[in-house]
Amino acid sequence: MKVHLLHWFFDLLFPPACFGCAMEGVWLCERCTHALHREPPRCFFCGLWTLSTQRRSAGRTCDSCRVKTLVSVYCSPFSYRDPLARALITQLKYHRMRPVAGLLGDHIAAYMHEFSIIIPPDAVLVPIPLVRSRQRVRGFNQAELIAASVSDHLRVPMRSALLRRIKRGPPQVTLSGSARRERMKNAFVAVGLPDVMPRTVILVDDVRTTGATIEDAARALREAGVRSVWAVTAAH
């Protein structure tokens, strides 16, 4: 309900125009929606496709990669190399176009249905937090907005307070792959822990680059007692 009210509010202030072709009346027209190519789920560590079988769901980490990552299942519909997907995320993060978060949440939910990814009944969504100073400047956490939309669609509760980022530093986009991994060591801590920890936490973010951010967030949650950590990003 909150997501739908947010969409209505922005439609009132800023009449919609398609982010892809500028057609008036919608934020993303049917033609541009079909132009977005959703890629099959891949192993979080090695990137190989991991489709559904009789024994496991799509997105599951490869057997050979289980000892190399703390992420059990990974879902990400779009490649960041796709110009339209990249434009949507840029509009959200750097131009404060919040309706994009709802669009990305729509696609993530549809993607999980398309590939028959069954979410455990006790799972919760946890958006990757920003450093507080950066969130104050931006005015919102884009991962939290996307997670709220996914929560609304899939009826999976969101628990933003379970994770806090404690390391400050330059935006990740300015760093090399190795520098990102070093920068993200012990960057997160689990906080506001309930008496009974959820068995499954699904981390939500806008873009996965090296995976270092998600990996360290997973570390913090696992150390706090979470049994299984999944990850969902709009793009990779």
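What you see is a predicted model; the values in this text were computed from it and never measured.

K.L.:
How would you summarise the pattern of salt bridges if you had to cite specific residues and measurements?
P.N.:
Per the counting criterion, the structure on display carries eight salt bridges. R38 is paired through a salt bridge with E114; the nearest N and O atoms lie 3.0 Å apart. Of this pair, R38 sits in the loop between α2 (30–35) and β1 (71–75) while E114 is found in helix α4 (residues 99–114), placing the two residues 76 residues apart along the sequence. Taking relative accessible area as the criterion, E114 reaches 45% and is therefore assigned partly exposed. One salt bridge connects R66 with D63, and the closest N-O pair in it is separated by 3.2 Å. Taking the relative accessible area as the measure of exposure, D63 reaches 54% and is therefore exposed. Each of D216, R219 and E223 takes part in a single network of salt bridges with overlapping partners.

K.L.:
Outline helix α8 (residues 212–223), listing residues and values.
P.N.:
In a regular helix each residue adds 1.5 Å, so twelve residues correspond to 16 Å; α8 covers 17 Å between its end C-alpha atoms and thus fits that length. Extensive coverage of α8 is indicated by the burial of nine of its twelve residues. Here α8 has its buried residues at A212, T213, I214, D216, A217, A218, R219, A220 and L221. G225 lies just past α8 and shows a positive phi near 115 degrees.

K.L.:
Help me get a handle on the nonpolar core, residues and values and all.
P.N.:
Grouped burial of nonpolar side chains is what soluble globular proteins tend to show. By size, the foremost hydrophobic cluster in this structure holds 44 residues, and its most contacted members are L28, L88, L92, L104, M112, I119 and I146. The set of elements that each furnish at least two residues to this core consists of β1, α3 (83–95), α4, α6 (142–154), β5 (200–207) and β6 (228–235). A total of eight residues in this core trace back to one element, the largest contributor, which is α4. In contact with M112, other than residues within four places in its own chain, are C75, I117, I119, L154 and V232. L203, A218, A220 and A231 belong to the second largest nonpolar core, which has 23 residues in total.

K.L.:
Lay out α6 in plain terms, naming residues and giving numbers.
P.N.:
Across its 13 residues, α6 extends 18 Å between first and last C-alpha, which sits within 8% of the 18 Å expected from 1.5 Å per residue. The element α6 is largely enclosed, with a buried count of ten among its 13 residues. Looking only at α6, the buried set comprises Q142, A143, L145, I146, A147, S149, V150, S151, D152 and L154. Between a side-chain oxygen at the N-terminus of α6 and the backbone nitrogen of A143 the separation is 3.0 Å; the capping residue is N141. One or two residues past the end of α6 sits R155, with phi positive at roughly 60 degrees.

K.L.:
Pulling in residues and values, what's your account of the packing of α4 against α6?
P.N.:
With their axes 8 Å apart at the nearest point, α4 and α6 run at an angle of 45 degrees to one another. Considering their axes alone, α4 and α6 lie oblique with respect to each other. Remark: the crossing between α4 and α6 carries right-handed chirality. Between α4, through A101, G102, L104, G105, D106, I108, A109, M112 and H113, and α6, the contact on the second element is made entirely by L145, I146, S149, V150, H153 and L154. For the contact of α4 with α6, the per-class residue count stands at nine nonpolar, five polar and one charged.

Thresholds applied
Throughout this document, residue positions are counted from 1 along each chain, in the order its sequence is written. In keeping with the model being predicted, local features are shown solely for residues with a pLDDT of at least 70 and side-chain atom pairs are shown and tallied solely at 80 or more, while totals for entire chains, interfaces and linings include all residues. To obtain the side-chain values, all non-hydrogen atoms of the structure were used and water was disregarded. Within this document, salt bridges are pairs made up of a side-chain nitrogen of Lys or Arg and a carboxyl oxygen of Asp or Glu, the two lying within 4 Å of each other. Numbering goes from the N terminus for both helices and strands, where a helix is a DSSP run of H or I of at least four residues and a strand is a run of E of at least two. A 1.4 Å probe rolled over the protein chains alone gives each residue an accessible area, and that area as a share of the maximum for its type sets the label: buried under 20%, exposed over 50%, partly exposed in between. The span one expects for a helix is its residue count, reduced by one, times 1.5 Å. Nine residue types can take part in a nonpolar core, namely buried Ala, Val, Leu, Ile, Met, Phe, Trp, Tyr and Cys, and a core is a set of them joined through side-chain atoms within 4.5 Å. Throughout, a contact is declared for two residues whenever any of their heavy atoms are within 4.5 Å. Whenever two N or O atoms come within 3.5 Å, that pair is a polar contact, provided that in protein one can donate a hydrogen and the other can accept it, and provided that, for residues adjacent in sequence, both atoms are side-chain atoms. Lines fitted to C-alpha atoms define the axes here, with helix axes fitted over just the stretch in contact, and angles between the N-to-C directions of these axes take values from 0 to 180 degrees. Here roughly perpendicular refers to angles of 65 to 115 degrees, roughly parallel to angles under 35, roughly antiparallel to angles over 145, and oblique to all remaining angles. Whether a crossing is left-handed or right-handed is set by the direction in which the near helix is turned from the far one by less than a right angle, anticlockwise for left-handed and clockwise for right-handed. Amino acids are sorted into nonpolar (Ala, Val, Leu, Ile, Met, Phe, Trp, Tyr, Cys and Pro), charged (Asp, Glu, Lys and Arg) and polar (every other residue, Gly among them).

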